Amino acid sequence: MIIRKPPFLIHHLPSVGSTNDYLKALDDAGPLTVVVADEQTAGRGRRERRWHSSAGEGLYFSLLLRPPQSMVSIQMISLLSGIAVAEALVGLGVSNVDIKWPNDVLIGDRKVCGILSEGASSGRLAPRVIVGIGVNLNHSVFPPELSEVATSVLIATGRTADKMEFLDQVLCRIADWYEVWTSGGVASIISRWEELSSYAFGQQVKVTTDGEEFNGTTNGLSPSGGLLIRESNGHLRSVLAGEVSRIRKQRP
């Protein structure tokens, strides 16, 4: 089913392997094309991790953006998408919404949303960036391996959420923040992300990259969207890719 909600063109599917992969295959898709599915059988997150996408319980969708050639930034698109989801959750009345760099939205310490942004230009003149977003809305239980790290809007609030209404809210906010970004408002995006994230400043974290692991204290975002980490020797590093986890204080 195709739904026209200007400026978006929404393809609504009952089931698909991955909404990102489906949208990648739509060679004639225009900017702001959306693919949303009731179920993903091969949903994935960063580093090819599987995304739990049970039928009918979550929001699973991908959005095609065509940023100007000179502005392509997967990092900045992921950041503004996280802001959009966090703001939509707050709009639902969800408490303790948080953003964890680079691409997770949390309720408390548990993950409620993952974001996967991928370039898909394939030699075209105009860059194509596909943003895949999975939000746990009406899940009442999770598989055992996720039960301690994941949550949903239903679990957090005791209320079910209307999937298509929530999609509308997220898309509207992405469109607004995307316009801010393409109009030169990078500083506004960074400021809003730092405002919404408890990880932005003063958190003791462990950072794992492909080549090393180190500890430090978060010190906001760089102008390019990297996470700034102050190491114990005072050196300030900008992390552009990797995994970040909070270091828990040891109880006496």
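Before any of the text, the structure's been laid out above.
Keep in mind that this is a model prediction, so the values were computed, not measured. (Residues numbered from 1 in each chain as written. Predicted model: local features only at pLDDT ≥ 70, side-chain atom pairs only at ≥ 80, totals over all residues. Heavy atoms only, no water.)

**Details of the packing of helix H2 (residues 74-91) against helix H4 (residues 163-182)**
Okay, step 1: At a closest axis distance of 8 Å, the pairing of H2 and H4 adopts a crossing angle of 140°. Judged on the interaxial angle alone, H4 and H2 are oblique. Taken as a pair, H2 and H4 cross one another with a handedness that is right-handed. In contact with Met76, Ile77, Leu80, Ser81, Ile83, Ala84, Val85, Glu87, Ala88 and Leu89 of H2, H4 contributes Phe166, Gln169, Val170, Arg173, Ile174, Trp177, Tyr178 and Trp181.
Okay, step 2: Per-class residue counts for the contact of H2 with H4 are 14 nonpolar, two polar and two charged. (Axes fitted to C-alpha atoms, helices over the stretch in contact; angles between N-to-C directions. Helix = DSSP H or I, 4+ residues; strand = E, 2+ residues; numbered from the N terminus. Parallel < 35°, antiparallel > 145°, perpendicular 65-115°, else oblique. Left-handed = near helix turned anticlockwise from the far one by under 90°. Contact = heavy atoms within 4.5 Å. Nonpolar A, V, L, I, M, F, W, Y, C, P; charged D, E, K, R; others polar.)

**Looking at the sheet that holds strand E2 (residues 8-13)**
Okay, step 1: With mixed pairing, the eight strands of this open sheet are ordered in space as E1-E2-E3-E4-E8-E7-E6-E5. A strand with exactly one partner marks an edge of an open sheet, and here the two such strands are strand E1 (2-5) and strand E5 (97-100). Adjacent strand axes in the sheet meet at a mean angle of 20° when their direction is disregarded.
Okay, step 2: When strand E7 (residues 110-119) meets strand E8 (residues 129-136), the two strands line up antiparallel, connected through seven bridges. (Pairing = 2+ DSSP bridges.)

**Focus: the packing of aromatic side chains**
Okay, step 1: Scanning the entire structure with this criterion turns up one aromatic pair.
Okay, step 2: Where Tyr178 meets Trp181, the ring centres are 5.8 Å apart and the plane angle is 55°; that geometry is what we call tilted. Pair noted here: Tyr178 and Trp181 are both in helix H4, with a separation of three residues, about one helical turn.
Okay, step 3: In this structure, Arg237 packs its charged tip against the face of Phe214, placed 4.0 Å from the ring centre. (Phe/Tyr/Trp six-rings, centres within 6.5 Å; stacked < 30°, edge-to-face > 60°. Lys NZ or Arg CZ within 6 Å of the ring centre and 35° of its normal.)

**As for the nonpolar core**
Okay, step 1: One finds Phe61, Leu89 and Ile133 to be the most contacted residues of the largest nonpolar core, which totals 56 residues.
Okay, step 2: Per-element accounting of this core gives the leading share, ten residues, to H2.
Okay, step 3: Once residues within four sequence positions are removed from consideration, Phe61 is found in contact with Thr19, Val34, Val35, Val36, Val131, Gly132, Ile133, Leu167, Val170 and Leu171.
Okay, step 4: Core analysis: the next-biggest nonpolar cluster, separate from the first, contains ten residues, Leu13, Leu26, Ala29 and Ala37 among them. (Core = buried A, V, L, I, M, F, W, Y, C linked by side-chain atoms within 4.5 Å. Buried < 20%, exposed > 50% of the residue type's maximum accessible area, 1.4 Å probe, protein only.)

**Quick notes on the sheet that holds strand E12 (residues 236-239)**
Okay, step 1: With antiparallel pairing, the five strands of this open sheet are ordered in space as E12-E11-E10-E9-E13. Since the sheet does not close on itself, it has two edges, and those belong to E12 and strand E13 (243-246), each with one partner. If you compare each strand with its neighbour and ignore which way they point, the axes differ by 45° on average.
Okay, step 2: Strand direction decides the pairing type here: strand E9 (residues 201-208) and E13, joined by four bridges, are antiparallel. Considered in E13, the bridge of Val205 is made with Arg246.

**Some thoughts on the pattern of salt bridges**
Okay, step 1: All told, the structure shown has twelve salt bridges when counted by the stated rule.
Okay, step 2: Across the salt bridge formed by Lys5 and Asp168, the nearest N and O atoms sit 3.0 Å from each other. Taken as a pair, Lys5 in strand E1 and Asp168 in helix H4 lie far apart in primary sequence, 163 residues in all.
Okay, step 3: Classification of Lys5 as partly exposed rests on a relative accessible area of 33%.
Okay, step 4: Of the residues examined, Asp168 reaches a relative accessible area of 24% and is grouped as partly exposed.
Okay, step 5: Ionic pairing is found between Arg246 and Asp109, a salt bridge with its closest N-O pair at 3.8 Å. Of this pair, Arg246 sits in strand E13 while Asp109 is found in the loop between strand E6 (104-107) and E7, placing the two residues 137 residues apart along the sequence.
Okay, step 6: Overall, the relative accessible area of 18% leaves Arg246 in the buried class.
Okay, step 7: Because the salt bridges share partners, they merge into one network encompassing Glu87, Arg173, Arg192 and Glu195. (Salt bridge = Lys/Arg side-chain N within 4 Å of Asp/Glu carboxyl O.)

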